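Given next are the chains, with one letter for each unit.
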Amino acid sequence: MNRVGLNYLRLGVNVDHVATVRNARGGLHPDPVRAALVAAAAGADGITAHLREDRRHISDDDISRLMAELKIPLNLEMAATQEMLAIALRHKPHAVCLVPEKRQERTTEGGLDVAGGHNHLAPYVRQLVGAGIRVSMFIEAEARQLDASKSLGAPVVELHTGTYCESAPGPMREQQLKRLQTAAAHAAQIGLECHAGHGLGYDTVKPVAAIPNVAELNIGHFLVGEAIFTGFEDSIRRMRHLMDEARA
Ligand code: PXP
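In what follows, the accompanying structure is described.

Rules used in this analysis
- Residues numbered from 1 in each chain as written.
- Predicted model: local features only at pLDDT ≥ 70, side-chain atom pairs only at ≥ 80, totals over all residues.
- Heavy atoms only, no water.
- Near = heavy atom within 4 Å.
- Polar contact = N/O pair within 3.5 Å; in protein donor to acceptor, adjacent residues only side chain to side chain.
- Areas by Shrake-Rupley, 256 points an atom, 1.4 Å probe, with all protein chains shown as cover.
- Nonpolar A, V, L, I, M, F, W, Y, C, P; charged D, E, K, R; others polar.
- Phe/Tyr/Trp six-rings, centres within 6.5 Å; stacked < 30°, edge-to-face > 60°.
- Helix = DSSP H or I, 4+ residues; strand = E, 2+ residues; numbered from the N terminus.
- Buried < 20%, exposed > 50% of the residue type's maximum accessible area, 1.4 Å probe, protein only.
- Lys NZ or Arg CZ within 6 Å of the ring centre and 35° of its normal.
- Core = buried A, V, L, I, M, F, W, Y, C linked by side-chain atoms within 4.5 Å.
- Contact = heavy atoms within 4.5 Å.
- Pairing = 2+ DSSP bridges.
- Axes fitted to C-alpha atoms, helices over the stretch in contact; angles between N-to-C directions.

Further remarks concern the site of the ligand. Near the ligand there are 15 residues, and of these Glu77, Glu158, Gly199, Gly220 and His221 occur at the shortest range. Contact distances for the ligand include 2.5 Å between a nitrogen atom and a side-chain N or O atom of Glu158. Bound to the protein, the ligand loses 95% of the 400 Å² it would expose on its own. Its residues assigned to classes, the shell around the ligand shows 4 nonpolar, 8 polar and 3 charged.

Take a look at the structure:
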């Protein structure tokens, strides 16, 4: 599919879990930057990496190297803390996605409460946007979270697809899909660019990719896991193909 067409859905490949495997042995292999370059060659439109407060996967050095070596945009996921803000302002990645972070969680378990955290988040969004970084808010598919993101001046939201992916196929998942569709339509109405991600795999991606107002999907864990069986390039190409089919 033509990458600049109006209907084109971007794929951001999250390389966090390449770093998870590397860190299991404390060495240099496998290298998430090498994985990012492979992903770019396989058709990724951007690379996503989450620098967590506890550095459990991506490291500060990974971010420096991604910034230096990537020819496609970097989307830095981070919590709204002073430490992360300073890092983002130093590197100035193409995009920052603000996510909630709890130390004990296995992954990002739910969206950022933008509506409830408005006063805390406002200066972060203002400084990041002021530095020319495209800011997105990782939120649950709820109108009040979309409206709060808009009122903060963030140009982008990313809808958390975790509950949709974890729901049993059938009416439960359909209900979650409807939530995502309604939220994406609301985002378009109030002038927000809409992304989506978390937990997506081959069997869950197409209905989300078919939502017309979604401009980008961010996918990591499944692609890295599947790479064990078929290789990283193959898993990315196959995901890309399913996304294109959904949009055709
Ligand atoms: N989008 C955001 C904001 C995330 O935090 C994550 C997980 O780090 C993803 C997308 C990708 O989720 P997954 O690794 O489950 O595909």
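Now that the structure has been shown, we can carry on.
With that settled, the discussion passes to the packing of aromatic side chains. Per the stated rule, a full pass over the model turns up 1 aromatic pair. Ring centres of Tyr202 and Phe222 lie 4.6 Å apart, and the angle between their planes is 75°; on these two criteria the pair is classed as edge-to-face. In this pair, Tyr202 is assigned in the loop between β7 (193–197) and α9 (205–209) and Phe222 in helix α10 (residues 221–230), connecting sequence segments 20 residues apart. Look at Tyr202 and you get buried, because its relative accessible area is 14%. A residue is classified by how much of its surface remains accessible, and Phe222, at 26% relative accessible area, is partly exposed. Here the guanidinium or amino end of Arg173 rests over the ring plane of Tyr164, the centre of that ring lying 5.9 Å away. Note that Arg238 overlies the ring of Tyr202, its terminal NZ or CZ placed 4.2 Å from the centroid.

What tends to happen in soluble globular proteins is that the nonpolar side chains get buried as a cluster. Val13, Ile47, Leu98, Leu128, Met137, Leu159 and Leu217 are the most contacted members of the largest nonpolar core, which has 75 residues in total. Sort the elements by how many residues they give to this core and helix α11 (residues 232–247) lands first, with 6 residues. Look past the residues within four positions of Leu128 in its chain and what remains in contact with it is Met78, Leu85, Ala88, Leu89, Val96, Leu98, Ile133 and Val135.

Judged by pairing direction, the barrel is parallel, and its 8 strands sit side by side in the order β1-β2-β3-β4-β5-β6-β7-β8 before closing back on the first. Across the sheet, the axes of successive neighbouring strands diverge by a mean angle of 25°, strand direction being ignored. Examined bridge by bridge, strand β3 (residues 74–78) and strand β4 (residues 95–98) share 4 bridges and lie parallel to one another. Within the sheet, the bridge partner assigned to Asn75 lies in β4 and is Ala95. Running at roughly 175° to strand β6 (residues 156–160), helix α8 (residues 171–189) makes contact with β6, β7 and β8 (214–219) of the sheet.

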